[in-house]
Structures are given as structure tokens and as C-alpha cells.
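Here's the letter readout for the chains.
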Amino acid sequence: MLPRWVTLLPVLILLPPSETKSDGGDGSPLDLDGLSLPALNPLRQKLAERLVELADDVPASRIALGLGPTQDDEIERNTALFTSPTAPALSRYTGVLYDALDARSFTKAGRARAAARLWIGSALFGAVRAYDCVPSYRLSGGSKIPGFGTLRSHWKPELTDALVAQADGIVVDLRSGTYQQLGPVPGAITATVLTEKPDGSRSVVSHFNKHHKGLLARALTLTTAEPKDVKGLARVAAKSGLRVEVASPTELIVLTE
């Protein structure tokens, strides 16, 4: 059980999932009752069962999941969704953002803060806490499962309601647009990463976007401060070495060169 002081931290940070996921794990097979936001379990169960059924049809899975012929191992992950080992979400999701977050370097206190503050969006699970145990799977926010409709039509508004109920303070939504649409959080603070050129002009970053969002998430996770607004978030980010500006009460700009 988390210390009482951890459960009262006011910042809720929503991370995007990743297409790439680690294999294996040493946890028991998927137990939906062990995940946070249990109200979402009926939809999670329905989605998971449909995903396993779809995996029996490899050509249809390729189309629905946007995969090529060399990615059938991703479909095999879905085949074993209920039988494969699980791992904490923070170690299951991989890629540029999670490399920058570097959860493996968290101290005991850092892990406690991550457990309290960090959530990860998911097309399959809606959202999970950092240390909820999940299997490896393949499903993206924009995937269209045959006969199932869009994922957005299923998750909204259930996911929004569930996340809002968890928000005791500010919400920092670092999810990509696709995942934000699955469960928008009204009033959430977003982050925009911009590159500033020598002439002062700025442009939206693509290559370093995930990296800098990972650095921002790390700073906001590990801080002992309890920011109450976007200005407080900016102070935490600046203290960690990031160059930031407040664009509005609900937008923080992270600048790179």
C-alpha cells in the first residue's frame, strides 16, 4: 500500500502508449480485476475477447491493425492475450518517450510518486496506472476492429468519466491526439514541443517530440513539489533543465533548438 502522502499528490499525468512493447514478463496472466479503473472492465473484457477472436484470421488482423506480412508476431501476441505473462505497464511500453522517462532509474520514492501520478492511455484498457500489470498486445487507438465500430465510439464517454473521477488536482495530458480523443479530460494541461531556429522562428517538432515529453513526464513525476497550475508545472520543468513557456492556462510549450 502506498504511503498516505503519495495518494494525495494532486498531479495526474497521462502518457501515451507505444506501438512497441517489451516481450515476456514475470507476472500472472491478465487479470482485469487487478487493473485500476474497474468500472472499465466490461468494455476491456469485450475488446480483449474480440481481439483474440480476430487473431485467428491473420489477413483480417493485418488490415484491422495496420500490419504488414512481416509483423505476424504482433498478431500472435493477441492470440495469447489471456495466457501470456504480464509486466508492469511502465516496463511493458517502450520507445523514445519511455527511454527519456527512464523509469528503471527511479528510486523507491520515485516509484511511489510514479504509482500515484502516472497513468498510461491504452486502446485496449482505456488507461492503466504505471504499475498495473498488462500483457503484450497490439491495438492502436485508430484501429478498426471488424463489426465493432471505432474505439472512440466505445471508450467515450466511459473513459472520460473514469479519468475525471481520479483527478483530485491538475491533469497533464501528454497523450497523442488519437488517444486524447478516446477519453478527453476537460481542462487538462497539454504540452507542445517546438523547435526554435536561430532567426527566432518556431515550428512543431516531430522527431524530438516524444523525447522531450518523456523528459517533462520524468520531471513532473519525480518532483517533490505539488504544482497547482500550469505556472507551477513550468517551474518544475525549468528546474529540471527544460526550456519552457506558458502559452495559456492549459498549454505548456517546451522549446528545443
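In this report, we go over the structure that sits alongside the text. These figures come from a predicted structure and were not determined experimentally.

The rules behind each value
- Residues numbered from 1 in each chain as written.
- Predicted model: local features only at pLDDT ≥ 70, side-chain atom pairs only at ≥ 80, totals over all residues.
- Heavy atoms only, no water.
- Helix = DSSP H or I, 4+ residues; strand = E, 2+ residues; numbered from the N terminus.
- Polar contact = N/O pair within 3.5 Å; in protein donor to acceptor, adjacent residues only side chain to side chain.
- Buried < 20%, exposed > 50% of the residue type's maximum accessible area, 1.4 Å probe, protein only.
- Phe/Tyr/Trp six-rings, centres within 6.5 Å; stacked < 30°, edge-to-face > 60°.
- 1 Å grid on protein atoms, 1.4 Å probe; cavity = no way out; pocket = protein on both sides within 12 Å on 5 of 7 lines; lining within 4 Å.
- Points joined across faces, edges and corners; volume = space filled by probe spheres on them.
- Nonpolar A, V, L, I, M, F, W, Y, C, P; charged D, E, K, R; others polar.
- Pairing = 2+ DSSP bridges.
- Axes fitted to C-alpha atoms, helices over the stretch in contact; angles between N-to-C directions.
- Core = buried A, V, L, I, M, F, W, Y, C linked by side-chain atoms within 4.5 Å.
- Contact = heavy atoms within 4.5 Å.

Glancing now at the side chain of Glu-196. By secondary structure assignment, the location of Glu-196 is in strand β9 (residues 190-196). Here Arg-202 takes part through its side chain, which lies 3.0 Å from a polar atom of the side chain of Glu-196. A distance of 2.5 Å separates the side chain of Glu-196 from the side chain of Arg-243, its partner in a polar contact.

A few words on unusual backbone geometry. Each neighbour pair has its own omega, and for Lys-156 with Pro-157 the value is 15°, a cis peptide bond. Assignment of secondary structure puts Pro-157 in the loop between α8 (151-155) and α9 (158-166). Although it is not a glycine, Leu-37 sits at a positive phi angle of roughly 60°. In this structure, Asp-102 is a non-glycine residue whose phi angle is positive, near 50°. Using a relative accessible area of 29% as the deciding quantity, one classes Asp-102 as partly exposed.

Here the distance between the centres and the angle between the planes together describe a pair of aromatic rings. Tallied over the full model, the rule gives three aromatic pairs. Consider the rings of Tyr-93 and Tyr-137, whose centres lie 6.4 Å apart with planes at 85°: the pair is edge-to-face. Of this pair, Tyr-93 sits in the loop between α5 (89-92) and α6 (96-101) while Tyr-137 sits in the loop between β5 (133-134) and β6 (144-145), and the two are 44 residues apart along the sequence. As far as burial versus exposure is concerned, Tyr-93 and Tyr-137 are alike and both buried. Centroid distance Phe-125 to Tyr-137: 5.6 Å. Interplanar angle 85°. Geometry classified as edge-to-face.

Evaluation of the coordinates by the stated rule reveals one cavity of 30 Å³ or more. Taken as a whole, the largest cavity spans an internal volume of roughly 30 Å³. Pro-17, Ser-18, Glu-19, Lys-21, Ala-123, Tyr-137, Leu-139, Ser-140 and Tyr-179 are the residues that line the largest cavity. Of the residues assigned to the lining of the largest cavity, the class counts are five nonpolar, two polar and two charged.

As summarised here, the arrangement of the four strands in space is β4-β3-β1-β8, forming an open sheet in which the pairing is mixed. Among the strands making up the open sheet, the edge pair consists of β4 (126-129) and β8 (171-173). Each strand of the sheet is rotated relative to its neighbour by a mean of 25°, with strand direction disregarded. Across three bridges, the pairing between strand β1 (residues 12-15) and strand β3 (residues 118-122) is parallel. Bridge pairing links Leu-15 to Ile-120 in β3.

This part covers the nonpolar core. Ranked by size, the top nonpolar core spans 75 residues in total, and within it Leu-15, Leu-90, Leu-124, Phe-125, Leu-139 and Leu-216 carry the most contacts. Top contributing element to this core by residue count: helix α2 (residues 41-55), with six residues. Each residue touching Leu-124, except ones within four places of it in the same chain, is listed here: Arg-44, Leu-47, Ala-48, Leu-51, Leu-81, Tyr-137, Leu-139 and Trp-155.

Turning our attention to helix α12 (residues 230-239). Of the positions making up α12, those classed as buried are Val-230, Gly-232, Leu-233, Ala-234, Val-236 and Ala-237. Just past α12, the residue Gly-241 takes up positive phi, approximately 105°.

Before going further, it helps to examine the sheet that holds β9. Read across the sheet, four strands follow the order β10-β9-β12-β11 without closing on themselves; strand pairing throughout is mixed. Looking at which strands have only one partner, the edges of the open sheet turn out to be β10 (202-204) and β11 (243-248). Sheet twist, expressed as the mean angle between neighbouring strand axes with direction ignored, is 35°. In the sheet, β9 pairs with strand β12 (residues 251-256) via six bridges, with the strands oriented parallel. Bridge pairing in β12 places Val-193 opposite Val-254. Of the strands in this sheet, β9 and β12 touch helix α11 (residues 209-222), which is tilted by about 125° from β9.

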